[in-house]
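Overview (structure and organization)
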Amino acid sequence: MKNLQTLHLLPILALASLFVEISGSISLHPVLTGPDKAFLGSRVAFRCIAPDSSLPVAYELMRDSGVLFATALESDQPAPFFLKVTATSEGSYQCRATAGGRTGVSNSVKLSVVIPVSHPRVTSEPFPAVVYEGSPLVLSCNVAKGSHLSYTWFFNKKEVTASTSPFLRLNGNKLVMEKATPEHAGSYYCMAWSSVQDIKRFSSSTDFQVTVKEGGSYCGNVTCWTTRGSPPVNFSLLLDDKEVGSVTATESLAAWFPVAMVPGLDMGVARCRVNSEVQELMSEPVTLVVVPVRGDVEVEVEYLFRADSKMAAARLSCQIGRGTFPHVSWLLNDSVLPSETYVDSHIQPVLSHYALTDHRRTLFLTKLGPEESGYYRCRVRDSYDESGPWVESAAVLVRVTDRTLNSMPRATSSTETTPRVLTTTTEVITIAFCCFLLLSLAVGVGCVYKMFDRERAHAHIAPTNPSYEALPLPGPTPVSGGKQADASSADCDVQSQTVEVTV
């Protein structure tokens, strides 16, 4: 009877053993939850759970494909992992669960570290933010630090939206004015912000002033002229192939046309047409545009030396980024130097020994001494706008002492080689003696050579030279003269704020 019961229990034990073996071969399926974004310096929590296990489970938090980050003791509860977010915390995280010999790896959670914004400020292109009506202007919101940022712009304390103006366009951290109008003048500031879940961190810039000037008050003078001919001559000005003016010159071969100008805007392509009784001529096209002063301004210093290697003068050049009609002013130790046309016998000038050339872009210091030493700067503005902003260069130190004046130049460029002058009697006598010695040596060598040549002529009979056929040498190739074509030329004279077109 016992044997029979034992035989009935064997299938049950086999099935139980098979179930345990199959259960042990099934892996766990843990689930990892956690944030996808977190502020730098904050604390976050990841939680891992293995829902298909009834046994205590050991959990491990891994980052970036298998690198062990943290572990948790065996428990029958979800395992929390707390993390203080640093700059190196960004990456992909996974959880590995182990229970009863079974192991499983969870899903992946990617964490992005959000750096809070700090110190936003507004910059402009062009700078300063002074533009003329119809000109473009771009404002940028730049931050010292920050990531995952969004931007909001405000104009006169009101938020700027796409419907605020058809000429305002939001593009990332930029506010673009395609065509500035007087209504766009005012105070602007930007707000940069980032958010994580329901938490938002933001920072605002200081106010930034934008000035829009009306360009209707500016008038350019376009000159049309021809190099030869006899009056009367009819001149016509064409803008974009449309005639805008016509003048008959009876006493000269030139005519002037006023044209409304807006600095910074392309006013069109101008051409001059000349009609006489026998012919019609057309000039080359010239683009009418006045570029306001903008870009970086720098001062370059070059020292000039005399033939005796003593410093004689200094040349300071004001390098301007852009600008059609720049007006340059020089400063010494923050004091404005007088103009080259400044004459007043009752007032002592700031610097008496200097000269200005190249439309004031170059300053020559014709006397060098301690009084001329100091920090020099140049500043530039548009010559047609006396109230316009100045763009200043960095200060450059010009330091001249008695030791500097008497010292040799450290280096001489290949384009400015200083000739050496013989200034002492000893050097002249020495060179003359050397020349005489070389001449005597040459005469002596010639005499000895001639003597040996005569002795060889008496001792030997000269062989007969074979005849050679003379080969003709190629003659000089004639150079043909080039044709000179009569063509009208165009010139844009930027002096006196006049655009000149030559026919």
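Quick caveat, the model's predicted, so the values are computed rather than measured.

This brings us to the packing of aromatic side chains. This model, assessed by the stated rule, comprises 7 aromatic pairs. Plain terms: the ring middles of Tyr132 and Tyr384 are 6.5 Å apart, the flat faces sit at 50° to each other, and that makes the pair tilted. Separated by 252 residues along the polypeptide, Tyr132 in strand S11 (residues 130–132) and Tyr384 in the loop between strand S33 (374–382) and strand S34 (391–392) bring together distant segments of the chain. For Tyr132, a relative accessible area of 3% puts it in the buried group. Plain terms: the ring middles of Phe325 and Tyr384 are 6.3 Å apart, the flat faces sit at 90° to each other, and that makes the pair edge-to-face. Here the residue Phe325 occupies a position in the loop between strand S28 (311–322) and strand S29 (326–332), and Tyr384 occupies one in the loop between S33 and S34, the gap between them amounting to 59 residues. What makes Tyr384 buried here is its relative accessible area of 14%. In this structure an aromatic cluster arises from ring pairing among Tyr132, Tyr218, Phe325 and Tyr384. Between Lys200 and the ring centre of Trp193, over which it is positioned, the NZ or CZ distance is 4.3 Å. The aromatic ring of Trp390 is capped on one face by Arg379, whose charged end is 4.1 Å from the ring centroid.

Spatially, S10-S12-S16-S15 is the arrangement adopted by the 4 strands of the open sheet, whose pairing is antiparallel. The two strands at the open ends of the sheet, each matched to only one other strand, are strand S10 (121–125) and strand S15 (168–171). Adjacent strand axes in the sheet meet at a mean angle of 20°, parallel and antiparallel pairs treated alike. In the sheet, S10 pairs with strand S12 (residues 137–142) via 5 bridges, with the strands oriented antiparallel.

Turning next to the side chain of Ser42. Along the chain, the position of Ser42 falls in the loop between strand S2 (37–39) and strand S3 (43–49). Here the side chain of Ser42 touches Phe39 through a polar contact of 2.6 Å, landing on its backbone oxygen. Residues in contact with Ser42, not counting those within four places in the same chain, are Leu83, Lys84 and Val85.

Once that is clear, we can look at the layout of surface pockets. To find leftover empty space, a probe the size of one water molecule is rolled over the atoms. In this structure, the second largest pocket occupies an estimated 350 Å³ of space. When residues of the lining of the second largest pocket are traced back to their parent elements, those giving at least two are S11, S12 and S33. Tallied by class, the residues present in the lining of the second largest pocket amount to 16 nonpolar, 3 polar and 7 charged.

Now for the state of the cysteines. One pass over the structure, following the stated rule, counts 4 disulfides. Sequence-ordered numbering of the bonded cysteines in the protein gives a pairing of 1-2, 3-4, 5-6, 7-8.

Looking now at the confidence of the model for the protein. On average, residues of the protein score 77 in pLDDT, and 75% of them are at 70 or above. Here strand S36 (residues 498–502) stands out as the least confident element of the protein, with mean pLDDT 41; S12 is the most confident, with 95. Between residues 18–25, whose pLDDT stays under 50, and residues either more than four places distant or in other chains, the model counts 2 contacts. Throughout residues 456–503 the model reports pLDDT below 50, and contacts reaching past four residues in sequence, or to other chains, amount to 57 contacts.

Cut-offs used in this document
Residues numbered from 1 in each chain as written. Predicted model: local features only at pLDDT ≥ 70, side-chain atom pairs only at ≥ 80, totals over all residues. Heavy atoms only, no water. Phe/Tyr/Trp six-rings, centres within 6.5 Å; stacked < 30°, edge-to-face > 60°. Helix = DSSP H or I, 4+ residues; strand = E, 2+ residues; numbered from the N terminus. Buried < 20%, exposed > 50% of the residue type's maximum accessible area, 1.4 Å probe, protein only. Lys NZ or Arg CZ within 6 Å of the ring centre and 35° of its normal. Pairing = 2+ DSSP bridges. Axes fitted to C-alpha atoms, helices over the stretch in contact; angles between N-to-C directions. Polar contact = N/O pair within 3.5 Å; in protein donor to acceptor, adjacent residues only side chain to side chain. Contact = heavy atoms within 4.5 Å. 1 Å grid on protein atoms, 1.4 Å probe; cavity = no way out; pocket = protein on both sides within 12 Å on 5 of 7 lines; lining within 4 Å. Points joined across faces, edges and corners; volume = space filled by probe spheres on them. Nonpolar A, V, L, I, M, F, W, Y, C, P; charged D, E, K, R; others polar. Disulfide = S-S within 2.5 Å. pLDDT = per-residue confidence, 0-100.

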